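The primary structure of each chain is shown beneath.
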Amino acid sequence: MNTEEIIALDKEYVMQTYGRQPLALKEGKGAVVWDVEGRPYIDCVAGIAVNNVGHAHPNVAEAISKQAHKLIHTSNIYYTEEQVRLAELLVKVSPHQKAFFCNSGAEANEGAIKLARKYTGKGEIIAMENSFHGRTITTITATGQHKYKKNFGPLTPGFKHVPYGDVEAVREAITHKTAAVLVEPIQGEGGIIIPPEGYLEELKKVCHENDVLLIFDEVQTGFGRTGEMFASQTFKVAPDITTLAKAIAGGFPMGAVLASEEVGNAFEPGDHAATFGGGPLACAAALASIQTIQDEGLLAQSRSRGECFKTQLKDLFQEYGMVEDVRGRGMMLGMEMGMPCASMVDEMRQQGVLVNCTAGNVLRFVPPLVITTEQINEVTDSLDEVLRRNSD
Ligand SMILES: *Cc1c(COP(=O)(O)O)cnc(C)c1O
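Note that residues are indexed from 1 along each chain, following the sequence as it is written. Given that the model is predicted, a residue must reach a pLDDT of at least 70 before its local features are reported, and side-chain atom pairs must reach 80 or more before they are shown or counted; all residues, however, enter totals for whole chains, interfaces and linings. Side-chain figures throughout are based on the complete set of non-hydrogen atoms in the structure, without hydrogens or water.

K.L.:
Explain the pattern of salt bridges to me, please; I cannot follow it from the model alone.
P.N.:
What counts as a salt bridge is simple: a side-chain nitrogen of Lys or Arg found within 4 Å of a carboxyl oxygen of Asp or Glu. Scanning the entire structure with this criterion turns up 17 salt bridges. Ionic pairing is found between E168 and R171, a salt bridge with its closest N-O pair at 3.1 Å. Here E168 and its partner R171 are both found in helix α7 (residues 167-173), three residues apart, which amounts to about one turn of the helix. Where D384 meets R388, a salt bridge forms, and the shortest distance between an N and an O atom there is 3.6 Å. Residue D384 and its partner R388 are located together in helix α14 (residues 373-391), separated by four residues, close to a single helical turn. Here the residues in one salt-bridge network are K118, E268 and D271, joined through shared partners. Strands here mean DSSP runs of E at least two residues long; helices mean DSSP runs of H or I at least four residues long; both are numbered from the N terminus.

K.L.:
In this structure, what is going on with the state of the cysteines? I would like to understand it.
P.N.:
Covalent bonding between the sulfur atoms of two cysteines defines a disulfide. Here, two cysteine sulfur atoms that lie within 2.5 Å of each other are counted as a disulfide. Using the criterion set out here, one finds one disulfide in the structure. Residue pairing for C341: its cysteine sulfur links by disulfide to C357, the two sulfurs lying 2.4 Å apart. Because the torsion about its S-S bond is 95°, the bridge between C341 and C357 counts as right-handed. Of this pair, C341 sits in the loop between β12 (332-337) and α13 (342-350) while C357 sits in strand β14 (residues 356-358), and the two are 16 residues apart along the sequence. When a residue's accessible area, from a 1.4 Å probe over protein chains only, is under 20% of the maximum for its type it is buried; when over 50% it is exposed; and in between it is partly exposed. By relative accessible area, which is 25% here, C357 ends up partly exposed. In this structure C102 is a free cysteine whose sulfur lies 11 Å from that of C283, the closest cysteine sulfur available. We classify C102 as buried; its relative accessible area is 1%.

This is the structure in structure tokens:
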């Protein structure tokens, strides 16, 4: 099928929930994807910070294929070696001691909220304005942006929002009913917003003083995106609970909740479950993906190439008045424009580069961590061209 035929069938048969690009993809390799017409694109979207080890990584593809021939699914009524090995690996690379597996970021946040409520015996969750935590009823409630909630009420009781970056606002919002503070270490969908220096550390202190749990939503920042395995390591602040998904299994759907020993032990048999959670296929993919991040030195690469990418974006910031800011950590970068950036996304695509626009005016660059310096140069050359055209 060609692009037009695919788009026509989508219109006819698929619920129109996405504002899609007019592009149908059929394969990928490393940081490049090809459309059904055979045209290549450098992929700075990476399935929205999912394909951290690159498209079609042979380690991940082989792990999935081998596992698929052995055992695709079994119930959590039984044990599997893949699940316990993955839990052990996640504990090794994170500040946590216990894992629960599910299938998506929203589901991980739902699990974290249940865990925090069970552990503390309290109901209230403090979340941030401009945040994003998923699309279920409770996670749109937690999300601090009106556009995701309108038309979908009634929402879940027990949530409060405070400005991101303001520790005093959190301190004031905490009551004797507060179970947890839920925060993204860097706001992703909100526009690659970096917290002020020392914010997360202070937040941890305030939570600790008030017996309130600190939950990091690392669904987008996890698995090398910010230059360490987790942003909690980049910012050197260990939360009580971390939620994960996106890049965890190299593109295979999976989510996880990680917690300290004590908090994790609050869940007892029957408290929480997911039919597909931690299935052998997803676990095999995650093991391969995380081991690849380690074996190929992708954390160091995320830092060094990310820095080089950011420097080039900053050069463009110096050159073009329409660029208002460049910011980010590792391979999680944003270029804030003084205008909506949807049309720039189209122009970049026509130049063979995939980027997306978040928060209306922020070009987001979250490429596979394996992107080469030559590919980064091509991306910034295209961007230079698009910016030049738009400033005439
Ligand atoms: C993408 C995202 C989610 C939601 O993940 P899904 O897998 O789409 O449910 C939650 N939190 C953050 C920070 C995200 O970026």
